[in-house]
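Structural features, examined
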Amino acid sequence: DVSEGTFIYQSMSGGESIAFEGVVRFVPGTIEKPQGSTFDVVVLGAWHGRGKRTGVYGAFLLAIYDERSESYQSISKIGTGFREEQLESIAAKLATHVISQPRPYYAYGETLTPDVWFEPAVVWEVKAADLSVSPVHKAGLGLVDRNKGISIRFPRLVRERDDKRPEQATSAAQVADMYRRQALTMNQAEVDGEKKNGKGGGGGDGGGANDDDDYY
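Everything numeric here is computed off the predicted structure, so don't read it as measured data. (Residues numbered from 1 in each chain as written. Predicted model: local features only at pLDDT ≥ 70, side-chain atom pairs only at ≥ 80, totals over all residues. Heavy atoms only, no water.)

Here's the deal with the pattern of salt bridges
Across all of its chains, the model carries 11 salt bridges by this definition. Put simply, E125 and R159 hold a salt bridge, and the shortest N to O gap is 2.6 Å. With E125 in strand β10 (residues 123-128) and R159 in strand β13 (residues 156-160), the pair connects residues that are 34 residues apart, well separated along the chain. On the basis of relative accessible area, E125 is assigned to the buried category, the value being 5%. With a closest N to O distance of 3.5 Å, E125 and R161 form a salt bridge. Of this pair, E125 sits in strand β10 while R161 sits in the loop between β13 and α2 (172-196), and the two are 36 residues apart along the sequence. The network of salt bridges with common partners includes D40, E125, R159, R161, D163 and K164. (Salt bridge = Lys/Arg side-chain N within 4 Å of Asp/Glu carboxyl O. Helix = DSSP H or I, 4+ residues; strand = E, 2+ residues; numbered from the N terminus. Buried < 20%, exposed > 50% of the residue type's maximum accessible area, 1.4 Å probe, protein only.)

Laid out in structure tokens, this is it:
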């Protein structure tokens, strides 16, 4: 059976519940991860557009909020799925938040240097395919891997969240918890698949691939 809508799971660390939207497929003996979780992210920077996007921004640097360090940690770069008029509106809104250099409490990879930086002000809700350990992004740095952060892959803008302050964005702890839960479900699916095929042994390392993926 397939159920579609909004689902809530309890944080593995015993914290607050986290809601996500998507499709969950229930198959006896297996659990599949949600197809498309949503995240509230802060727009920290942007790259100038080229070609048809000249005059507007072509891509944006997204971040989540880490309550422990009171910092904004990059989680992805988004640049697809925008309408032309949408990019014009976004550029106009972000114009009032431009700053000359990143704040000291911004955490991002050295290879991620936007053309323009913004103060933490604009919050977006984005939908992503899955989560991956990343050597580039800094979200949840040290929470699932000592030297790497977590990224979301193939994000798409769902809506602007004018009702949320930047500090109310998805937290680093929530992102790490969602990654762990994804890893558990993937390992379980692998074990179930081996049992079905008559093979023994344990699962793999779980989670998304360790992508050098600061892309879309």
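Considerations on helix α1 (residues 84-94)
Given 3.6 residues per helical turn, the α-helix brings residues three or four places apart onto the same face. Along α1, the positions that sit buried rather than exposed are Q86, L87, I90, A91 and L94. Seen from one end, α1 has its buried residues packed into an arc of 135°, which puts them on one side. Of the residues in α1, the exposed ones pointing more than 90 degrees away from the buried face are E84 and A92. (Arc of directions from axis to C-beta.)

Describing the confidence of the model for the protein
Overall, the prediction assigns the protein a mean pLDDT of 80, with 69% of residues at 70 or greater. Scored below 50 in pLDDT, residues 201-216 shows 52 contacts in the model against residues more than four places distant or in partner chains. (pLDDT = per-residue confidence, 0-100. Contact = heavy atoms within 4.5 Å.)

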